[in-house]
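The lines below spell out each chain.
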Amino acid sequence: MAQVTDSRSGRIRNAVGEQVRRTRRFVDETEPAALAIIAVMALSLFGALVGFLAVSDWTIVPFAAFLGSSAVGWVRYQEETAYVIALMMTVSTILILGLIVVFIFRESIPVIRYESATVFGITVPGIRMFIQPEWDAVSPPIRYSMVPMIHGTVMVTLIASAVAAPLGVSAALFLSEIAPATVREVVKPGVEILAGIPSIVYGFIGFTVLGPWASDQFQTTGQGSYLFVGIVVGLMALPTVVSVAEDALSSVPESMKSGSLAMGTTDWQTMTSITLPAAFSGVSAAVLLGVGRAIGETMAATVMLRGVPRLTEPLVNVFYGQETLTSIIARNYGEADGLQMDALFVAGVILFVTVLVISIGAQYIEWRMHERLGGEI
Amino acid sequence: MAGAGRTDTRLVESETTETDAVAGVAVGLSAVLFALAVAALFERVSLTGSLFGVPTVTLLGGLLTALGVAVIAFGVGSRFGYVETNPDPSAGLIAGFGAAVPWVLIGGSVASQTLGLGVGVGAVAGVATGAVAFAASVLPREDLGSTVPLGALLGVTGLVFLTGVIGPTWVWELGWAQQAAVTAEFLIPVSTLFSALYGGWASAKAYGGFGARGRHMGAYVLVYVNALSIVAFLFILVAFVVVQGIPGLLNGTEFGFGTGPTTSVFGVSVALPVSVPFLMNGVALFNDFQGVLPAIVGTVWLVVGAVVLAVPLGVGAALFLTEYADRGRFTQVVEVATNGLWSTPSIVFGLFGFAFLIPRFGNGKSLLSGMITLGFMLLPLVVITSREAMLSVPDEYRDASAALGVSKWQTIRSVVLPAALPGVVTGVILGVGRIAGETAPILLTMAGGTFVPGSQTADVIGGFQFTSAPPFVANPELLQATSALPYQLYALITAGVGASSNVGNADEFRWATALVLLVVVLSFYAIGIATRYYFRRRLKHT
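Residues numbered from 1 in each chain as written. Chains lettered and ligands numbered in written order. Predicted model: local features only at pLDDT ≥ 70, side-chain atom pairs only at ≥ 80, totals over all residues. Heavy atoms only, no water.

1. Points about the overall build of chain A
In step 1: A count of helices and strands for chain A gives 15 helices and 4 strands.
In step 2: When the accessible surface of chain A is summed, it comes to about 17,100 Å², and 67% of that surface belongs to carbon and sulfur atoms. (Helix = DSSP H or I, 4+ residues; strand = E, 2+ residues; numbered from the N terminus. Areas by Shrake-Rupley, 256 points an atom, 1.4 Å probe, with all protein chains shown as cover.)

Written as structure tokens, this is what we have:
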């Protein structure tokens, strides 16, 4: 055990030492004037960030200093300035993700504290949002339960995946393996354009055409059903599944497919026994990403659902659509303040964390696939 | 022996053409049923009416039964050697599951509802029926296994329609706390649709003579139908919006010199020769025709702001990651972070903008907050596509440049960036198309009223002012709530009936807004895709 810690701390020390050496080499090799300008750039940008976070009116001053010093650096020491600016931009990309995490978590803290409950003698903050299904922001007792919205999101996502996964994988197979070149040139941009149709347009068509039709067909009171929101969201997630799955399928080495075809198999046999198994992890990553898209889809759900945060009765009643995690935010941000607004942030946190986990999972799967096929590409 | 072989071949050939024709007719029949089912689903064909002098439901039932009989006949004929095929010993597990699913549904609902035995018995009966169908598919030789259970399914569905057990007025009350029912209007087209798909699958397998070739045929039919449906869906969707939107868009349009509003081009004031009030007006009491000009201008500024923020940041980050940084822990973290950002739901960006940007820009919704929020959304896409474009620049280019003795930055600037430019541009244009249609992030950060007067059209360039107190530069136009097309459409939908009092025909106004939004977004996509083709062709030629 001690040895492990030793070797780890040793490794860290080595890495740090390497970094220090590299920095020192950079400092040694760079002219002092260039170094000074880089220092000014870094410090003033940092100052601007601090000022921005502290809501200061003076933020503009360090920012102007940054712009000025970069301009000078660009003219005199382009090489070093370009490097430093590129580095800063990389850091800022990570910083933005960090800021999103910090700010949406911070805003959700009050309501998590409010919704504390005692379970088995232990007080757990926020747990009451998940153990009872009551959302009532108006009349006491005021409760902000996430259960109805989670139920809605799960229903919509399940239906959407049932639509998007088979159709998407089949379309990806078509595009990458089956379609003749000319057909592919038509269908592929078509799928991309499908991804481009704004979600509010889908929602509008769903609201004006699909909603009344569905409530007529299923004789429901009022319109808005998880079934049709799920189908629409599934169609919206379809292009994601198609394009990621197609990438995975076409990354299967041609030599594997030719080998199989040389054995006298049909194209379809090659697909089912060589291409799909080899690309299986990539295809499942595609489905995962599609699921992530479906979870995060907002506007179509907001417009098509009823906007009453409660569970459907019975739970499997897909012909009624109440509210999802995304739609409750879009619908209630206007009149919400205080705790209710914070409760919306909790919905945001749940969404963010779920989708981030899915995204990282999908990336891990893709990475594994790449490692496995890596040698042969 | 050789002579006998020749005779055999000839026999087989002549038979094959006939049986091919039978199977081909079955495939065609499935296609007709598929089309009829879709037409009925969209209420183009009335279920209560009649087609070709036959009541629609009876016609559907008859066709389904005929298809079922044809499929079974083909399978049985093949089993007893009347038809020359080369089937496998078993139809396989996938075919088994495919056949089991509809039979589970039929068995379950007949037992629980028609016979009234309750949910528990229904579930057991459903599973039992499914198991029988599964066994019937998997156990016998492939020619029987892949035709009989599916043919029986078609036959049963067809007979149910033919005998009127499920007629056009049939309703199944689900008896749930929240009232819902399955009606014939839904059930008949949907079950016909799926039956037609199964029929097409089975008869395509038969057409291919079962075995590997048959499965190939069956699968290809389904895959082609799927691809065709997706393309058809896209066309119908766009065409529908266009047809609905055109009247509202062209309301009060005039052509001819001097009809349009005057604008100044290079200092010369010119009256446009065309007037489209919907695109050139705001909403005001005394307007003859109302329009969405402020929303269009708002969208344009949003896109400009987001691009100005995201493109330098994203390209810079991609540059660092591909050219400067060694592949290691750091680049991996950045990659995971950008991909994570890319899949973050748009509404979460909205919440973030609400919590982070709004308090910092005058405590109210503003154009600037909207720009920055959308910029953050665009950023990961720019990083990802630019990185891909830079990685695809061959290393030989870099080596050749480095061999000339120039510095790394000079190589990047004069070799890598120009070579990666097409990819970056295409990626940015497609990304812009995406954010231009986003509603959720600007809902919380930027969007103002439902009906915006033309006088509130954002004039960002004219809005800059310099002040003596910090922050020294002010632009009230940037700090004002304004509208954008996607938000405008959302607001119009939620405004409901109340919208009519402002804009005359609210429905026309909504559809026209949707059309303008669609045109704006799709034109970004069209430009992006065209750019890609252009560069790809140029790369091929050189």
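2. Some thoughts on the overall build of chain B
In step 1: Along the backbone of chain B there are 19 helices and 10 strands.
In step 2: For chain B, the residues scored as buried account for 48% of the 542 residues in total.
In step 3: Put simply, 71% of the contacts in chain B that link residues at least 6 apart link residues at least 24 apart.
In step 4: Carbon and sulfur atoms make up 68% of the accessible area of chain B, which totals about 24,600 Å². (Buried < 20%, exposed > 50% of the residue type's maximum accessible area, 1.4 Å probe, protein only. Contact = heavy atoms within 4.5 Å.)

3. Remarks on unusual backbone geometry
Residues and elements named next belong to chain A.
In step 1: Pro-314 follows Glu-313 through a cis peptide bond whose omega is -15°.
In step 2: Mapped onto the fold, Pro-314 is located in the loop between helix 13 (299-304) and helix 14 (325-332).
In step 3: The phi angle at Gln-219 is positive, at roughly 50°, despite the residue not being glycine.
In step 4: By secondary structure assignment, the location of Gln-219 is in the loop between helix 8 (199-217) and helix 9 (226-250).
In step 5: Relative accessible area serves as the criterion here: at 29%, Gln-219 is assigned to the partly exposed category.

4. A look at the packing of aromatic side chains
How two aromatic rings sit relative to each other is given by the distance of their centres and the angle of their planes.
In step 1: If you walk through the whole model with that rule in mind, you get 27 aromatic pairs over all chains.
In step 2: Between Phe-218 of chain A and Phe-228 of chain A, the aromatic rings sit 6.1 Å apart at their centres with planes inclined by 50°, giving tilted as the arrangement. Of this pair, Phe-218 of chain A sits in the loop between helix 8 and helix 9 while Phe-228 of chain A sits in helix 9, and the two are 10 residues apart along the sequence. Both residues of the pair, Phe-218 of chain A and Phe-228 of chain A, belong to the buried class.
In step 3: The ring of Trp-342 of chain B has Arg-293 of chain A lying over it, and the distance from NZ or CZ to the ring centre is 5.3 Å. (Phe/Tyr/Trp six-rings, centres within 6.5 Å; stacked < 30°, edge-to-face > 60°. Lys NZ or Arg CZ within 6 Å of the ring centre and 35° of its normal.)

5. Quick notes on the packing of helix 9 of chain A against helix 12 (residues 280-296) of chain A
Residue and element names in this part refer to chain A.
In step 1: Running from amino to carboxyl end, helix 9 crosses helix 12 at an angle of 155°, the nearest separation of the two axes being 8 Å. By the angle class used here, helix 9 and helix 12 are roughly antiparallel. As helix 9 packs across helix 12, the resulting crossing turns out to be right-handed. Mapping the contact onto sequence places Val-233, Ala-237, Thr-240, Val-241, Val-244, Ala-245, Ala-248 and Leu-249 in helix 9 and Gly-282, Val-283, Ala-286, Val-287, Leu-289, Gly-290, Arg-293 and Ala-294 in helix 12.
In step 2: Looking at the contact of helix 9 with helix 12 residue by residue, the classes come out as 12 nonpolar, 3 polar and 1 charged. (Axes fitted to C-alpha atoms, helices over the stretch in contact; angles between N-to-C directions. Parallel < 35°, antiparallel > 145°, perpendicular 65-115°, else oblique. Left-handed = near helix turned anticlockwise from the far one by under 90°. Nonpolar A, V, L, I, M, F, W, Y, C, P; charged D, E, K, R; others polar.)

6. Observations regarding a nonpolar patch on the surface
Residues and elements named next belong to chain B.
In step 1: Together, Val-110, Leu-115, Leu-117 and Val-121 make up a nonpolar patch on the protein surface, roughly 340 Å² of accessible area in all.
In step 2: Within the secondary structure, Leu-117 is located in the loop between helix 3 (93-114) and helix 4 (118-138).
In step 3: The class of Leu-117 is partly exposed, set by a relative accessible area of 44%. (Patch = residues over 30% accessible without salt bridge, like charges linked within 9 Å, V, L, I, M, F, W, Y side chains within 5 Å. Salt bridge = Lys/Arg side-chain N within 4 Å of Asp/Glu carboxyl O.)

7. Re the pattern of salt bridges
Side chains that differ in charge, positive against negative, can pair when their charged atoms come close.
In step 1: A full pass over the atoms with the stated rule returns 16 salt bridges over all chains.
In step 2: Between Arg-532 of chain B and Glu-192 of chain A there is a salt bridge, with its nearest N and O atoms 2.9 Å apart. Of this pair, Arg-532 of chain B sits in helix 19 (residues 506-541) while Glu-192 of chain A sits in helix 7 (residues 181-196), on two different chains.
In step 3: Salt-bridge contacts for Glu-142 of chain B lead to Arg-215 of chain B; the nearest nitrogen and oxygen are separated by 3.2 Å. In this pair, Glu-142 of chain B sits in helix 5 (residues 142-145) while Arg-215 of chain B sits in helix 8 (residues 211-249), placing the two residues 73 residues apart along the sequence.
In step 4: For Glu-142 of chain B, a relative accessible area of 0% gives the class buried.
In step 5: On the basis of relative accessibility, which here comes to 26%, the residue Arg-215 of chain B falls in the partly exposed class.
In step 6: Overlapping salt bridges bring together Glu-177, Glu-254 and Lys-257 of chain A as one network.

8. Digging into the confidence of the model for chain A
In step 1: Of the residues in chain A, 97% reach a pLDDT of 70 or more, and the chain-wide mean stands at 84.
In step 2: Per-element confidence in chain A ranges from a low mean pLDDT of 71 for helix 1 (residues 2-29) of chain A to a high of 92 for helix 6 (residues 147-178) of chain A. (pLDDT = per-residue confidence, 0-100.)

9. Digging into the interface of chain A and chain B
Interfaces are often sized by the accessible area lost when the parts come together.
In step 1: Across the boundary between the two partners, chain A contributes 98 residues, which contact 100 residues of chain B.
In step 2: Buried surface at the junction of chain A and chain B, summed over both partners, amounts to about 9,000 Å²; 74% is from carbon and sulfur atoms.
In step 3: Here chain A and chain B share 1 salt bridge between them.
In step 4: In terms of residue class, the side of chain A that touches chain B is built from 62 nonpolar, 24 polar and 12 charged. (Buried area = accessible area lost by both parts, 1.4 Å probe.)

10. Overview of the nonpolar core
In step 1: Within the largest apolar cluster, 200 residues are counted, with the highest numbers of intra-cluster contacts made by Ile-100, Ile-104, Met-146, Ile-197, Ile-200, Val-201 and Ile-329 of chain A.
In step 2: Broken down by element, this core gets its largest block of residues, 16 residues, from helix 9 of chain A.
In step 3: In terms of nonpolar packing, the next biggest core, distinct from the first, is built from 28 residues, Leu-33, Ala-99, Trp-103 and Ala-196 of chain B among them. (Core = buried A, V, L, I, M, F, W, Y, C linked by side-chain atoms within 4.5 Å.)

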